[in-house]
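Architecture and fold: a report
Next come the chains, spelled out residue by residue.
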Amino acid sequence: MPLSAQPPASGEPYALAASLDNARHLSSLLRAVHFQDHATCFATANGLRVTVEDAKCMQANAFIQAEIFQEFAVQEESVTFRINLSVLLDCLTIFGTSSLPGTSTALRMCYRGYGYPLMLFLEEGGVVTVCKINTQEPEELLDFDFCNTKVVNKVILQSEGLREAFAELDMTSEVLQITMSPDKPYFRLSTFGNAGSAHLDYPRDSDLVEAFHCNQTQTNRYKISLLKPSTKALALSCKVSIRTDAQGFLSLQYMIRNEDGQICFVEYYCCPDEDITEAEP
Amino acid sequence: VINTIARLAKTCTLRLTVSKLYFILSDKVANGGVSMWCELCQGNFFDEFQMEGVAAEHNEIYLELAPENLSRALKTAQSAKAVKIKLTNKHCPCLRVAVELPSLSSSSRIVTHDIPVGVIPRRLWNDFREPSVPDFDVSIYLPVLKTMKSVVERMKNLSNSIVIEANLSGEMNLKIENDLVSVTTHFKDLGNPPWASEDGYQSSAQDRDLESMAEARIDIKKLQQLLAGQQVNPTKALCNIVSKRIVHFILLHEDVSLQYFIPALA
């Protein structure tokens, strides 16, 4: 049932107006980046990007292209605002989180512009919920400058291969060490916890490895607490691409297929841990 | 039934009469002002029922107990052959629940739970009278409980209090509002129950404008507890709102009736 919201009295169209037949297409992606209360929303004609940052060295982005929406209109070049992501998720899932076959919540989202709240209209089974969420001044976002042309190593894996590994990561270890190399061990995840070190190797000819482009041996360590939230995105995804650049910056790109078979992406960027000591062989 | 009561009250009063059992919670400050009246016909639950009250003219027994204890005892009875409940007075008054469990050998196993109860003396029986239906402003049927439950659970994350408003055109809104966010859920076509006029009971409701809303702000946790306790859809579910004072919920199942009063917040 399409929800039509009246444009504001001044006659000006909304800065952002979008309609989605199944709100879960949006809420499940946002949950994959929900590890902080606040997020920055950035909308252009291409779609919506929601960014969450942690500790000035980690950034997660969820991309929902305009094509996923039944209607997506942005008035200016781009619209940006900061919003409480926990509240937004509670509103998007107001009718519950269990997905019964055949029932879905329809969503209409309207944003009048700077200083106005984000309006959500959600409908399921004839019941309508209206939410008004206050927005805030967008903050400067980190620019990771992860240049796609300066990628040194890249591996694309089927997510099911990594899920167990990530779920069982030794959290007593402060870091997760990732080794990528054209020679053995090819792709290795290591932790150094209270019980000892653990290494998980993926040979390049394994079925789970879809693509393997490693030019030089690199070993980098990342704070494990920063990467743990990416497990949510991993759980939803079918494939993940792991890339590192010359400075050791890590890019994790998750390909997620929604209930209707459409593809969306979630990305995690992370700086290498600065207290880097000589990596163990 | 006991599970539902256990969720709503830490201690309550059990009143036994020849034909009925009542679970009663009266509106003391300690309960946050809520009160509850749950009534069931013993015939629907028990094959045998024998009781003898204090005296012939007052053939009733009032006991104070913690429903959680009774609920736990009855958990053992899930797959029982028979359950016997007896009021005994060994060292102190107890409700003895004897559960006969099926067993492979010829002799059956019996598990006994002794639940301490307090006997309430007759002089205090007046504290536990059946509450009268308040002079409400609007009476309305509740929406599908599953939807109402989901919405209230989410709203609980966002606010401590919730406003229930309804009118005589079958519309009900649930609203929360704070600095960060405001959320309103609109239910339509709910229907308003007809109340038989008893000495002008309906006088305040009859002259009412159909569209105008009666509202009350209540503690959201209390509402959520009430809804969470409803595992099965009731045969009839409605609420009566006295504007800014109290919300009276009536939930009827085939063999149990439950009334729950939640006062409005100051």
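Just so you know, these numbers come straight off a predicted model, no measurement behind them. (Residues numbered from 1 in each chain as written. Chains lettered and ligands numbered in written order. Predicted model: local features only at pLDDT ≥ 70, side-chain atom pairs only at ≥ 80, totals over all residues. Heavy atoms only, no water.)

With that settled, consider the sheet that holds strand S14 (residues 236-242) of chain B. All names here are of chain B. Strand order in this open sheet of nine strands is S8-S4-S1-S2-S3-S16-S15-S14-S9, and the pairing throughout is antiparallel. Taken across any chain shown, the strands that pair with only one partner, and hence form the sheet edges, are strand S8 (118-119) and strand S9 (138-141). The sheet contact formed by S9 and S14 spans four bridges and is antiparallel. Bridged to Val138 within S14 is Ile241. (Pairing = 2+ DSSP bridges. Helix = DSSP H or I, 4+ residues; strand = E, 2+ residues; numbered from the N terminus.)

All names here are of chain A. With the rule as written, the count across this model stands at seven aromatic pairs over all chains. Plain terms: the ring middles of Phe69 and Phe72 are 4.8 Å apart, the flat faces sit at 40 degrees to each other, and that makes the pair tilted. Taking the relative accessible area as the measure of exposure, Phe72 reaches 16% and is therefore buried. One aromatic cluster in this structure is built from Phe35, Tyr254 and Tyr268. (Phe/Tyr/Trp six-rings, centres within 6.5 Å; stacked < 30°, edge-to-face > 60°. Buried < 20%, exposed > 50% of the residue type's maximum accessible area, 1.4 Å probe, protein only.)

Each partner contributes to the interface: chain A provides 19 residues, whereas chain B provides 17 residues. Carbon and sulfur atoms make up 57% of the area that chain A and chain B hide from each other, which totals about 1500 Å². Its largest share of buried area at the contact with chain B, chain A owes to Asp90, Ile94 and Val127 of chain A, together 31% of the area lost on that side. The tally of links from chain A across to chain B stands at zero salt bridges. For the pair chain A and chain B, the number of links is eight residue pairs in polar contact (both at pLDDT 80 or more). The element that contributes the greatest number of residues to the side of chain A that touches chain B is strand S9 (residues 127-133) of chain A, accounting for seven residues. Its residues placed into classes, the side of chain A that touches chain B shows ten nonpolar, seven polar and two charged. Both S9 of chain A and strand S12 (residues 181-187) of chain B contribute to a ladder of six bridges, which runs antiparallel. Within the sheet, the bridge partner assigned to Lys132 of chain A lies in S12 of chain B and is Ser182 of chain B. (Contact = heavy atoms within 4.5 Å. Buried area = accessible area lost by both parts, 1.4 Å probe. Salt bridge = Lys/Arg side-chain N within 4 Å of Asp/Glu carboxyl O. Polar contact = N/O pair within 3.5 Å; in protein donor to acceptor, adjacent residues only side chain to side chain. Nonpolar A, V, L, I, M, F, W, Y, C, P; charged D, E, K, R; others polar.)

All right, on to the nonpolar core then. Judged by nonpolar contacts, the single largest core of 140 residues is most densely connected at Leu120, Phe187 and Val266 of chain A together with Phe249 of chain B. Sequence-distant contacts of Val266 of chain A, that is, excluding residues within four places in its chain, are made with Leu29, Ala32, Val33, Asn61, Ala62, Ala233, Leu252, Gln253, Tyr254 and Ile256 of chain A. Counting seven residues, the second-largest nonpolar core is a separate cluster that includes Trp37, Ile120, Trp125 and Phe128 of chain B. (Core = buried A, V, L, I, M, F, W, Y, C linked by side-chain atoms within 4.5 Å.)

Running from amino to carboxyl end, helix H2 (residues 85-92) of chain A crosses helix H4 (residues 145-158) of chain B at an angle of 165 degrees, the nearest separation of the two axes being 9 Å. The pairing of H2 of chain A with H4 of chain B is recorded here as roughly antiparallel in orientation. With respect to the hand of their crossing, H2 of chain A and H4 of chain B are arranged in left-handed fashion. Across the interface between the two elements, Val87, Asp90 and Cys91 of chain A from H2 of chain A touch Arg154, Asn157 and Leu158 of chain B from H4 of chain B. Partitioning the contact of H2 of chain A with H4 of chain B into residue classes produces three nonpolar, one polar and two charged. (Axes fitted to C-alpha atoms, helices over the stretch in contact; angles between N-to-C directions. Parallel < 35°, antiparallel > 145°, perpendicular 65-115°, else oblique. Left-handed = near helix turned anticlockwise from the far one by under 90°.)

Here the focus is the side chain of Glu39 of chain B. Residue and element names in this part refer to chain B. Secondary-structure assignment places Glu39 in strand S3 (residues 35-41). Given a relative accessible area of 17%, Glu39 falls into the buried group. Reaching out from Glu39, the side chain makes a polar contact with the side chain of Lys20 at a distance of 2.7 Å. Engagement of the side chain of Glu39 in a polar contact is seen with the side chain of Trp37, the distance being 2.9 Å.

Residue and element names in this part refer to chain B. Confidence in the prediction of chain B, expressed as mean pLDDT, is 83, and 92% of residues score 70 or more. Here residues 198-203 is modelled with pLDDT under 50, and outside its nearest four sequence neighbours on either side it reaches four contacts, counting other chains as well. Of the two predicted TM-score estimates for the complex, the pTM is 0.84 and the ipTM is 0.81. (pLDDT = per-residue confidence, 0-100.)

All names here are of chain B. The domain boundaries assigned to chain B delineate domain 1 (1-127) and domain 2 (138-197 + 209-263). Counting residues at the interface gives 17 residues for domain 1, matched by 16 residues for domain 2. Across the interface of domain 1 and domain 2, roughly 1400 Å² is buried in total on both sides, 58% from carbon and sulfur atoms. Contact with domain 2 buries surface across domain 1, with Arg7, Leu8 and Val34 losing the most and accounting together for 38% of the total. Between domain 1 and domain 2 we count three residue pairs in polar contact (both at pLDDT 80 or more) in total. Every element with two or more residues in the side of domain 1 that touches domain 2 is listed here: helix H1 (2-8), S3 and helix H2 (42-45). At seven residues, S3 tops the list of elements feeding residues into the side of domain 1 that touches domain 2. (Domains from an automatic or database assignment.)

Attention now moves to helix H1 (residues 24-31) of chain A. Along H1 of chain A, six of the eight residues are buried, which leaves the element largely enclosed by surrounding structure. The set of residues buried in H1 of chain A consists of Arg24, His25, Leu26, Ser27, Leu29 and Leu30 of chain A.

Glancing now at the sheet that holds strand S12 (residues 187-193) of chain A. Residues and elements named next belong to chain A. Ordered by their spatial adjacency, four strands build an open sheet running S13-S12-S11-S15, and the pairing between neighbours is antiparallel. Edge positions in the sheet fall to strand S13 (196-202) and strand S15 (218-223), since each has one partner strand and no second. Going from strand to strand, the sheet's axes swing by 20 degrees on average, the running direction of each strand aside. Two elements, strand S11 (residues 175-180) and S15, share six bridges in a ladder whose sense is antiparallel. Within S15, the position partnered with Val175 by the bridge is Lys223. Against the sheet, helix H3 (residues 159-167) engages S11, S12 and S13, with an angle of about 175 degrees to S13.

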